[in-house]
There are 2 protein chains.
Amino acid sequence: MTTDIFFQIATPAEALARLFKHLPFTPSSERIGLDAALGRVTATPLISPEDSPAFARSAMDGYAVRAADTYGASEALPAFLTVDGEVPMGAAATRPVQPGTAQLIHTGGMLPPRADAVVMVEYTQPVDETSVEVLRPAAPGQHIIKAGDDLAAGDPLLPAGHRLRAQDLGVLAALGITEIQAAVPPVIGVLSSGDEIVPADAQPAPGQVRDVNATTLSALARQAGADVREFGVAPDDRAKLERLTRAALAACDLVIISAGSSVSTRDMTAEVIGGLGHPGVLVHGIAVKPGKPTIVAVADGIPVFGLPGNPVSAMVVFGLVVAPTIRRLLGAGPADDPPRRRARLARSLASQTGRIDFVPTALQERDGEWWATPVLGPSNLIATLVRAAGLIRIPLDAGGLAEGAWVDVEPF
Amino acid sequence: MTTDIFFQIATPAEALARLFKHLPFTPSSERIGLDAALGRVTATPLISPEDSPAFARSAMDGYAVRAADTYGASEALPAFLTVDGEVPMGAAATRPVQPGTAQLIHTGGMLPPRADAVVMVEYTQPVDETSVEVLRPAAPGQHIIKAGDDLAAGDPLLPAGHRLRAQDLGVLAALGITEIQAAVPPVIGVLSSGDEIVPADAQPAPGQVRDVNATTLSALARQAGADVREFGVAPDDRAKLERLTRAALAACDLVIISAGSSVSTRDMTAEVIGGLGHPGVLVHGIAVKPGKPTIVAVADGIPVFGLPGNPVSAMVVFGLVVAPTIRRLLGAGPADDPPRRRARLARSLASQTGRIDFVPTALQERDGEWWATPVLGPSNLIATLVRAAGLIRIPLDAGGLAEGAWVDVEPF
């Protein structure tokens with residue numbers, strides 16, 4: 001079989017290293033408004049265009065004072081200051097603080113000229129309408145945020161390749177940045193192969209089943225920040241599969257073929273993928289269970305993935321190799337491993353060394369502890385998909401896990 | 001001050017318990033297609049409309065046999081079977097397996113009549129074009145998925161109130177469910193108050209700053225599954241704030257007012273919120289740092305939140321009380337605590353018992369361990385927002401944490 005020539009089993013990291021050598025570094029970018037920027041990836045580094053705050057502000061409710069006027073103040077012997085009005089919110093504070101006086105100021109209010117500290121209202125006592133006692137000394141600079149203390153003009157805000165979170169958008173808004181240059185989402189072509197597969201909206205004839213993976217993989221690709229084009233189902237006919245794949249290749253930045261579950265369909269898919277363009281198949285088989293029958297290829301600059309037909313396998317492999325490739329096409333660096341939930345294993349699990357095992361698992365909270373109950377049974381059952389809340393990862397070099405052991409469960 | 005009447009400090013759980021007593025249980029729902037259903041919440045339980053698989057299938061590549069024909073087979077003394085053709089993929093298998101014969105079958109292929117087991121191809125040896133040796137006995141039912149083994153018609157798939165994941169959509173597609181009844185996203189009204197606040201696209205005059213929270217809270221509300229309407233900024237004028245708030249109340253299912261940072265603005269906001277409708281303010285102050293100056297109210301069935309002006313505080317309180325309320329309005333049950341990242345603390349942290357402390361923190365990976373470096377400094381600095389990658393939660397009853405201690409970091 002021709003595909004045996006390419007048979008090179010790889011870890012996910014090795015597969016990505018081989019693939020990324022062939023991928024361009026710079027995504028195309030477009031100008032977008034902040035209201036459309038949540039979850040998008042920055043195409044350029046962003047720097048602060050101005051000082052923030054733009055003026056010295058009070059960090060507390062209290063009185064703007066000259067610190068020297070409060071030296072030696074105590075509860076027993078307060079400093080007595082004349083209250084010279086109130087600093088208006090949202091307007092310039094122009095009246096200087098004269099020696100022996102204080103101006104009422106609110107959190108966020110602009111520090112008036114000649115003031116060099118703020119006394120918290122808790123440490124003052126009103127005497128009458130126009131005077132106040134200060135019960136503690138203030139140091140110069142106390143409870144003041146100076147201009148540029150938060151961010152100075154030119155300070156780096158966010159690097160290129162950063163996926164924008166809610167708080168990032170808030171900071172950009174605060175600095176008056178209402179548009180940014182964002183990576184254009186890559187277009188992911190999704191197609192399935194196999195004589196037994198029909199689209200979700202078709203009525204399967206005897207011997208046929210509806211396509212699970214087109215729906216699942218499209219949703220995962222959108223979650224990863226890509227746009228999706230679905231190309232339907234190709235029968236087990238080499239010429240037809242190649243035609244459909246080439247149509248996807250011409251229209252997309254990345255192509256996913258979810259192969260049927262039989263070995264013959266997979267082999268045919270591998271041959272078609274191998275013949276699409278230079279350099280062809282880079283990895284045939286990854287050291288992961290489930291997910292071993294995975295093909296990673298590049299056809300003239302476009303990454304092409306042949307994913308297993310088994311839906312759990314296809315999801316696992318998507319997370320390990322396709323999602324990082326989408327990040328790469330977006331110009332984003334490698335993602336940190338996702339946060340995990342620590343849970344105790346409700347039954348022992350066997351594993352082989354030399355591959356990474358992913359075990360779909362349900363999660364229950366009992367007496368303040370999370371317990372992970374593996375969802376076992378044949379891995380091509382779709383019920384597994386709805387029953388599992390996470391994946392237990394058993395590393396390459398681990399032999400298995402005992403009941404009661406603590407495991408880290410990844411979101412699924 | 002009138003608001004003191006309502007001054008009741010509460011934990012986040014107590015605040016939600018008081019609030020939820022006043023909220024309706026059933027969200028309105030709408031019919032949507034699967035392609036628009038990712039992240040939406042089911043309004044009704046979903047059950048399997050059919051058996052899956054609809055027919056007995058092979059779980060392996062191999063031969064469909066009558067198990068009795070293989071009894072006693074071994075490598076030394078194989079069972080000899082005549083190969084009676086191949087089961088077509090994607091079509092009905094109609095030809096019965098006759099005694100002493102086998103039919104070639106692929107994974108997912110329909111089990112032919114009279115076959116009761118599948119022998120894996122690895123345990124067979126071809127003799128010639130039309131016969132095969134079986135090297136191990138097969139038990140009845142081996143490597144077969146019977147009709148309904150995965151899901152039977154009427155089996156529960158997903159409860160009402162479930163947020164749909166990629167794999168859930170795949171399962172629905174597999175069962176031919178291409179439309180579902182989903183909760184209508186609640187409309188969240190977002191407004192800010194404070195004389196010193198101007199919208200993000202305005203040029204602040206001296207003493208003014210641009211609004212951070214409208215952008216941040218709108219993005220968080222969208223992430224939580226809501227639609228958002230922004231109502232702009234109200235000045236520190238009771239009549240104007242009340243007019244803007246009532247406009248939001250009339251158009252929305254939930255209203256968030258991000259109050260200015262000064263006590264006087266907050267007090268005025270509390271009075272306005274208290275006068276909007278029955279029963280008024282339920283909680284004034286929550287036992288969380290940052291985030292204490294939070295108001296939780298209901299005005300004639302509509303939840304109204306007064307959030308702190310400090311952007312980090314507003315985000316923390318959003319996660320603790322607003323996001324769970326959005327889930328409630330969507331008909332979804334309480335969310336599990338988010339998965340966290342275990343990390344070691346790079347410096348000691350003080351805390352007071354009697355409140356939950358959230359400390360924004362940066363994260364670095366060093367020698368395979370994650371280290372959390374708290375982002376300290378005045379909490380109203382916006383640089384904190386971009387520098388922090390997570391929040392360390394210090395529980396109600398904890399006094400502090402020592403350098404090097406393991407902490408759980410929530411995504412931020």
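The notes below deal with the structure included here. Keep in mind it's a predicted model, so treat the numbers as computed, not measured.

1. Observations regarding the sheet that holds strand β5 (residues 79-86) of chain A
Residue and element names in this part refer to chain A.
Consideration 1: Pairing is mixed in the open sheet, where 6 strands are placed in the order β7-β4-β6-β5-β9-β8. Whereas interior strands pair on both sides, the edge strands pair on one side only; in this sheet they are β7 (117-120) and β8 (124-128). The mean angle between the axes of side-by-side strands here comes to 40 degrees, regardless of whether they run parallel or antiparallel.
Consideration 2: Here 3 bridges tie β5 to strand β6 (residues 101-105), and the two strands are oriented parallel to one another. Following the sheet pairing, Val-83 is matched in β6 by Ala-102.

2. Describing the interface of chain A and chain B
Where the parts come together, the accessible area they lose is often given as the size of the interface.
Consideration 1: Residue-level contacts link 72 residues of chain A with 72 residues of chain B.
Consideration 2: Note on chain A versus chain B: buried area summed over both sides is about 6,100 Å², and carbon and sulfur give 62% of it.
Consideration 3: Here chain A is connected to chain B by 2 salt bridges.
Consideration 4: When the shortest N-O distance is used, the salt bridge between A:Arg210 and B:Glu50 registers 3.0 Å.
Consideration 5: The tally of links between chain A and chain B comes to 19 residue pairs in polar contact (both at pLDDT 80 or more).

3. Side note on the sheet that holds strand β20 (residues 295-299) of chain B
Residue and element names in this part refer to chain B.
Consideration 1: Across the sheet, which stays open at both edges, the 6 strands sit in the order β16-β13-β17-β21-β20-β18 with mixed pairing between neighbours. Strands with a single pairing partner mark the edges of an open sheet, and in this sheet they are β16 (227-234) and β18 (279-284). Each neighbouring strand pair of the sheet contributes to a mean axis angle of 20 degrees, computed without reference to strand direction.
Consideration 2: Taken together, the 6 bridges between strand β13 (residues 187-193) and β16 define a ladder with parallel strand orientation. Note on β16: the bridge partner recorded for Gly-189 is Arg-229.
Consideration 3: Its contacts with the sheet put helix α4 (residues 238-251) on β13, β16, β17 (254-258), β20 and β21 (302-307), and the angle it makes with β16 is roughly 170 degrees.
Consideration 4: Packed onto the sheet, helix α6 (residues 311-329) meets β13, β17 and β21 and runs at close to 175 degrees relative to β21.

4. Notes on the pairing of strand β20 (residues 295-299) of chain A
Residue and element names in this part refer to chain A.
Consideration 1: Taking burial as the measure, the 5 residues of β20 include 5 buried ones, the bulk of the element.
Consideration 2: Burial of β20 is two-sided: the residues Ile-295, Ala-297 and Ala-299 facing one way and the residues Val-296 and Val-298 facing the other way are all buried.
Consideration 3: Sheet analysis places strand β18 (residues 279-284) next to β20, joined by 5 bridges and oriented antiparallel. Across the sheet, the residue bridging to Val-283 is Val-296, located in β20.
Consideration 4: Across 5 bridges, β20 lies against strand β21 (residues 302-307) in antiparallel orientation. Directly across from Ala-297, in β21, lies its bridge partner Val-304.
Consideration 5: The antiparallel pairing of β20 with β21 creates a hairpin that spans 2 residues between the two strands, and Asp-300 there sits at a positive phi of about 50 degrees.

Conventions and cut-offs
- Residues numbered from 1 in each chain as written.
- Chains lettered and ligands numbered in written order.
- Predicted model: local features only at pLDDT ≥ 70, side-chain atom pairs only at ≥ 80, totals over all residues.
- Heavy atoms only, no water.
- Pairing = 2+ DSSP bridges.
- Helix = DSSP H or I, 4+ residues; strand = E, 2+ residues; numbered from the N terminus.
- Axes fitted to C-alpha atoms, helices over the stretch in contact; angles between N-to-C directions.
- Contact = heavy atoms within 4.5 Å.
- Buried area = accessible area lost by both parts, 1.4 Å probe.
- Salt bridge = Lys/Arg side-chain N within 4 Å of Asp/Glu carboxyl O.
- Polar contact = N/O pair within 3.5 Å; in protein donor to acceptor, adjacent residues only side chain to side chain.
- Buried < 20%, exposed > 50% of the residue type's maximum accessible area, 1.4 Å probe, protein only.

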